[in-house]
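Architecture at a glance
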Amino acid sequence: MRDKKIKRQIILVTHNANIVVNADAENIIIANQKDENNKKDLSLYKFDYINGSLEETKSKTDDDIRFLESMGIREHIAEIVEGGKEAFKKREEKYGF
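Residues numbered from 1 in each chain as written. Predicted model: local features only at pLDDT ≥ 70, side-chain atom pairs only at ≥ 80, totals over all residues. Heavy atoms only, no water.

**What to know about the overall build of the protein chain**
Of regular secondary structure, the protein chain possesses 4 helices and 2 strands. Ordered by position from the N terminus, the helices and strands of the protein chain form the series α-α-β-β-α-α. At a minimum sequence separation of 6, the contacts of the protein chain that also span at least 24 residues come to 30%. With the model as given, the accessible surface of the protein chain reaches about 7400 Å², and the carbon-plus-sulfur share is 49%. (Helix = DSSP H or I, 4+ residues; strand = E, 2+ residues; numbered from the N terminus. Contact = heavy atoms within 4.5 Å. Areas by Shrake-Rupley, 256 points an atom, 1.4 Å probe, with all protein chains shown as cover.)

**Comments concerning the pattern of salt bridges**
For the structure shown, the criterion picks out 2 salt bridges. Note that glutamate 26 is salt-bridged to lysine 5, the shortest N-O span being 3.6 Å. Of this pair, glutamate 26 sits in the loop between helix H2 (17–22) and strand E1 (28–34) while lysine 5 sits in helix H1 (residues 4–7), placing them 21 residues apart in sequence. On the accessibility criterion, lysine 5 (25% relative accessible area) is partly exposed. One salt bridge connects lysine 60 with glutamate 79, and the closest N-O pair in it is separated by 3.8 Å. Note that lysine 60 is positioned in the loop between strand E2 (46–52) and helix H3 (73–80) and glutamate 79 in helix H3, a separation of 19 residues in sequence. (Salt bridge = Lys/Arg side-chain N within 4 Å of Asp/Glu carboxyl O. Buried < 20%, exposed > 50% of the residue type's maximum accessible area, 1.4 Å probe, protein only.)

**Things to note about H3**
For H3, the tally of buried residues reaches 6 of 8 residues, placing the bulk of the element in the interior. Along H3, the positions that sit buried rather than exposed are Ile73, Arg74, Glu75, His76, Ile77 and Ala78.

**Focus on a nonpolar patch on the surface**
Together, Met1, Ile10, Leu12 and Ile19 line one region of the surface with nonpolar side chains, adding up to about 340 Å² of accessible area. With respect to the helices, strands and loops of the structure, isoleucine 19 is situated in helix H2. (Patch = residues over 30% accessible without salt bridge, like charges linked within 9 Å, V, L, I, M, F, W, Y side chains within 5 Å.)

**Some details on the confidence of the model for the protein chain**
Taken as a whole, the protein chain shows an average pLDDT of 78; of its residues, 75% reach a score of 70 or greater. Ranking the elements of the protein chain by mean pLDDT puts helix H4 (residues 84–95) last, at 70, and E2 first, at 88. (pLDDT = per-residue confidence, 0-100.)

**Details of the nonpolar core**
Soluble, globular proteins show a tendency: their nonpolar side chains are buried together. Ranked by size, the top nonpolar core spans 11 residues in total: Ala17, Val20, Val21, Ile28, Ile30, Ile50, Leu54, Leu68, Ile73, Ile77 and Val81. Taken together, the elements giving at least two residues each to this core come down to H2, E1 and H3. Considering every element that reaches this core, the biggest residue donor is H2, with 3 residues. Residues contacting valine 20, with those up to four places away along its chain left out, are Thr14, Ala25, Ile28, Leu54 and Ile77. (Core = buried A, V, L, I, M, F, W, Y, C linked by side-chain atoms within 4.5 Å.)

Right, dumping it as structure tokens:
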């Protein structure tokens, strides 16, 4: 994927954060579904989105109203990736970013 993305744009949709990190994605879009526990009114299901690069970092805070804005892209990925922050750091060292 790294070689192919030099010559063309690749858009990949995945739930696997490992693919995002290992493919060295340039722009990551993270989605979050709100109100998923309200089963009575399906129109209340709303999605929030945030995007940025792997380098975008912000420590998690509890004072942000919107979940996606409570931390940076890197922190969201580290939370999702199998093995957590330690696994993310190992991948970061391995692939040199």
